[in-house]
Amino acid sequence: MSTTGQIIRCKAAVAWEAGKPLVMEEVEVAPPQKHEVRIKILFTSLCHTDVYFWEAKGQTPLFPRIFGHEAGGIVESVGEGVTDLQPGDHVLPIFTGECGDCRHCHSEESNMCDLLRINTERGGMIHDGESRFSINGKPVHHFLGTSTFSEYTVVHSGQVAKINPEAPLDKVCIVSCGLSTGMGATLNVAKPKKGQSVAVFGLGAVGLAAAEGARMAGAGRIIGVDLNPKRFEEAKKFGVTEFVNPREHDKPVQQVIAEMTDGGVDRSVECTGSVQAMIQAFECVHDGWGVAVLVGVPSKDDAFKTHPMNLLNERTLKGTFFGNYKPKTDIPGVVEKYMNKELELEKFITHTVPFSEINKAFDYMLKGESIRCIITMGA
């Protein structure tokens, strides 16, 4: 492409300070360096993680910053040493990576790459610590190594999944974070057998994706647990068959679920980040074979407490990161599940806005009105 090796000037939605609306700015995007690619972003989507760090909850604030990490685009140019991607490839940038060389990448059981594992504190690129974004010569920080709220971005090649060019980027862009996290927790970690019962704690986007995974696996009963009854109707579209609101019961929710299911569910997936829900999700699975999977991220001072007999009675407790998917190896296959009509993505997409109105996406999420809002970059 004619822009190869050149600085590109384009629009980006910049967060100048915590919790303040993003501002459309002209930014300069430097060419990709060693092991990096520059991507033209066509569609991006807002995830709760963007909102959490934009509000500067739980981390050292780093501003100005370009947020965004769920997206689809086309490779514009590649840096030195990049052999598996080339200009024109359709790709999903991903917030975590796969270097291909570390012990985690060589393990069939792990996706927690030593080099490219999620890092929320880093504001520059791994190669040299510098930002590839600037405004009037002053650097603007990256976010999760992706920064997709920009018409062009630079990403480490190990965080880029090359996908089927026939796949519609305005749909499959949501595969790059929350959807795969929830669906993979069920399909890859909980692994329910056909006809088994699954409880999903938390019916936000990740929980609904976990329910979708249970539906795809052929679960017989999918029990949704949430404190917000407004979520129950929507959840039916994702295969949820029954609902439990803990506030409507005067006994522990694990006891309610055990009574509903003759001793407990076969599998449970916790998607809230509440340590209370984590304990409930574990204690509600059946002894002898029950498996509970934790997905939500707890507060740093939380402690998980349960009686050891719950484990000795042959319940299994597991954790997962990004649904146990390796970004480059496995995510193209998730896209193929959509192309083969095994996975339904449209029902996750509740809103669409032009890039110029990106702040509306934040409003929808803060009001709890959206599951996923697609942001169209050219508009």
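None of these values were measured; they are calculated from a predicted model.

(A) Highlighting the pattern of salt bridges. For the structure on display, the rule yields 21 salt bridges. A salt bridge links Arg-9 to Glu-28; the nearest nitrogen and oxygen atoms lie 2.9 Å apart. Linking Arg-9 in strand β1 (residues 8–14) with Glu-28 in strand β2 (residues 23–29), this pair joins segments that are 19 residues apart in sequence. For Arg-9, a relative accessible area of 53% puts it in the exposed group.

(B) Highlighting empty space enclosed by the protein. In the structure shown here, the tally under the stated rule is two cavities of 30 Å³ or more. Around the largest cavity, the lining comprises 14 residues; the ones closest to its centre are Arg-122, Gly-124, Ile-126, Gly-145 and Gln-159. Its residues assigned to classes, the lining of the largest cavity comprises seven nonpolar, five polar and two charged. One number sums up the size of the second largest cavity: a volume of about 30 Å³.

(C) Layout of the UniProt feature "domain: Alcohol dehydrogenase-like C-terminal" (unreviewed entry) in the chain. With numbering matched to this structure, UniProt assigns "domain: Alcohol dehydrogenase-like C-terminal" (unreviewed entry) to residues 205–336. Within residues 205–336, the helical portion is 37% and the strand portion 15%, while the C-alpha atoms at the span's ends are 20 Å from each other.

(D) Quick look at the nonpolar core. Ranked by internal contacts, the top residues of the largest apolar core, which has 96 residues, are Val-27, Phe-149, Val-172, Leu-179 and Ile-331. Per element, the largest residue contribution to this core is six residues, and it comes from helix α5 (residues 205–217). Residues contacting Leu-179, with those up to four places away along its chain left out, are Ile-174, Ala-209, Leu-343, Leu-345 and Phe-348.

Criteria and cut-off values
Residues numbered from 1 in each chain as written. Predicted model: local features only at pLDDT ≥ 70, side-chain atom pairs only at ≥ 80, totals over all residues. Heavy atoms only, no water. Salt bridge = Lys/Arg side-chain N within 4 Å of Asp/Glu carboxyl O. Helix = DSSP H or I, 4+ residues; strand = E, 2+ residues; numbered from the N terminus. Buried < 20%, exposed > 50% of the residue type's maximum accessible area, 1.4 Å probe, protein only. 1 Å grid on protein atoms, 1.4 Å probe; cavity = no way out; pocket = protein on both sides within 12 Å on 5 of 7 lines; lining within 4 Å. Points joined across faces, edges and corners; volume = space filled by probe spheres on them. Nonpolar A, V, L, I, M, F, W, Y, C, P; charged D, E, K, R; others polar. UniProt positions renumbered as here; feature names shortened; annotations may be inferred. Core = buried A, V, L, I, M, F, W, Y, C linked by side-chain atoms within 4.5 Å. Contact = heavy atoms within 4.5 Å.

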